[in-house]
Amino acid sequence: FQVIAYNQRLSHFRPTGGRRGLAFGDESNLRRAVRFIESIRADGATRHAPAIDAALALAPDTIFLLTDADAPDDLEREEFERLAERLGGTRMLVVQLGPPGGVCSPRLAALAERSGGRYRSVSVDP
């Protein structure tokens, strides 16, 4: 597994401080991943394309993407087209947290659908 936190920059989970590839799902790495996730502070705009590119570079079976619902942060048309070409057999499951009202990032939703995955918008109170 791998965890990639992102906003305008990427931050990769590195269980031993080394390279940023896939980690074994053993107890030690799972504890390290929890600490990594707990250290993340949300701020700034969200740039999905570099994070999805980084995840696809690992050739995963599945990408789980959890994001907030800032509509201006949706993929640009060119980003969508490029990422759709790179999907290969990777499936994307996207959960977007935000206000009530459905799809907040139509291209992100379309990318999940194109991959054979799913997009879910989950309403949260501000």
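Our structure's up above, just so we're on the same page.
Rules behind the numbers
Every residue gets a number counted from 1 within its own chain, in the order that chain's sequence is written. Whole-chain, interface and lining totals are the exception, using all residues; otherwise, since this is a predicted model, local features are given only for residues with pLDDT of at least 70 and side-chain atom pairs are given and counted only at 80 or more. Hydrogens and water are ignored here; the side-chain numbers use all heavy atoms of the structure. Here the nonpolar core consists of buried residues drawn from Ala, Val, Leu, Ile, Met, Phe, Trp, Tyr and Cys, with membership extended through side-chain atoms lying within 4.5 Å. Partly exposed describes any residue whose relative accessible area lies between the buried limit of under 20% and the exposed limit of over 50%, with all areas from a 1.4 Å probe on protein chains only and scaled to the type maximum. Helix and strand assignments follow DSSP, with helices taken as H or I runs no shorter than four residues and strands as E runs no shorter than two, numbered in order from the N terminus. Two residues form a contact once any of their heavy atoms are found within 4.5 Å. Between N-to-C directions, angles span 0 to 180 degrees; the directions come from axes that are lines fitted to C-alpha atoms, helices contributing only their stretch in contact. To sort the angles, those under 35 degrees are grouped as roughly parallel, those over 145 as roughly antiparallel, those from 65 to 115 as roughly perpendicular, and the leftovers as oblique. Each crossing is labelled by how the near helix is turned from the far one, with a counterclockwise turn of less than a right angle marking it left-handed and a clockwise turn marking it right-handed. For this classification, the nonpolar set comprises Ala, Val, Leu, Ile, Met, Phe, Trp, Tyr, Cys and Pro, the charged set comprises Asp, Glu, Lys and Arg, and every other residue, Gly included, is treated as polar. Only residues above 30% relative accessible area that lack a salt bridge enter a patch, with like-charged residues linked at up to 9 Å and the nonpolar side chains Val, Leu, Ile, Met, Phe, Trp and Tyr linked at up to 5 Å. In these tables, accessible area is a Shrake-Rupley quantity obtained with a 1.4 Å probe, and a residue counts as shielded only by the protein chains included in the view. Every case where a carboxyl oxygen of Asp or Glu lies within 4 Å of a side-chain nitrogen of Lys or Arg is listed as a salt bridge. Under the counting rule used here, the positive set is Lys and Arg, the negative set is Asp and Glu, and His together with the chain ends is not counted. By convention, charge coordinates are those of NZ in Lys, CZ in Arg, CG in Asp, or CD in Glu. Under the pairing criterion, centres of Phe, Tyr and Trp rings, with the six-membered ring standing for Trp, must be within 6.5 Å; the plane angle then separates stacked pairs below 30 degrees from edge-to-face pairs above 60, leaving the rest tilted.

A short note on the nonpolar core
Core analysis: the largest hydrophobic core is formed by 23 residues, its most contacted members being Ile52, Leu65, Leu83, Met92, Val94 and Leu111. At six residues, the largest contribution of residues to this core is made by helix H2 (residues 48–56). Setting aside chain neighbours within four positions, we find Met92 in contact with Ile52, Ile63, Leu65, Leu87, Leu111, Ala112, Ser115, Gly117 and Arg118. One finds Val3, Phe13, Ala23 and Phe36 within the second-largest nonpolar core, a separate group that totals six residues.

Let's talk about the packing of helix H3 (residues 77–86) against helix H4 (residues 106–114)
Running from N to C, H3 and H4 point in directions that differ by 10 degrees, and their axes come no closer than 10 Å. Judged on the interaxial angle alone, H4 and H3 are roughly parallel. H3 and H4 meet at a crossing whose hand is right-handed. Contacts between H3 and H4 involve Arg77, Phe80, Leu83 and Ala84 on the former and, on the latter, Arg107, Ala110, Leu111 and Arg114. The class makeup of the residues in the contact of H3 with H4 is five nonpolar, no polar and three charged.

Focus on a negative patch on the surface
Together, Glu76, Glu78, Glu81 and Glu85 make up a negatively charged patch on the protein surface. On the secondary structure map, Glu85 appears in helix H3.

Section: unusual backbone geometry
Here Ala59, not a glycine, exhibits a phi torsion of approximately 55 degrees, which is positive. Among the structural elements, Ala59 can be located in the loop between H2 and strand E3 (62–68). We classify Ala59 as exposed; its relative accessible area is 64%.

Description of the packing of aromatic side chains
Under the defined criterion, the tally for this structure stands at two aromatic pairs. For the pair Phe1 and Phe13, a centre-to-centre distance of 5.6 Å together with 20 degrees between the ring planes defines the contact as stacked. Taken together, the positions of Phe1 in the segment before strand E1 (4–6) and Phe13 in the loop between strand E2 (10–12) and helix H1 (27–38) put the pair twelve residues apart, joining distant regions of the chain. Under the relative-accessibility criterion, Phe1 is labelled partly exposed at 31%. A relative accessible area of 3% places Phe13 in the buried class. Residues Phe13 and Phe36 carry aromatic rings whose centres are separated by 5.8 Å and whose planes lie at 50 degrees to one another, so their mutual orientation is tilted. With a gap of 23 residues between them, Phe13 in the loop between E2 and H1 and Phe36 in helix H1 connect regions that are remote in the sequence. Of the aromatic side chains, those joined through ring pairs into one cluster are Phe1, Phe13 and Phe36.

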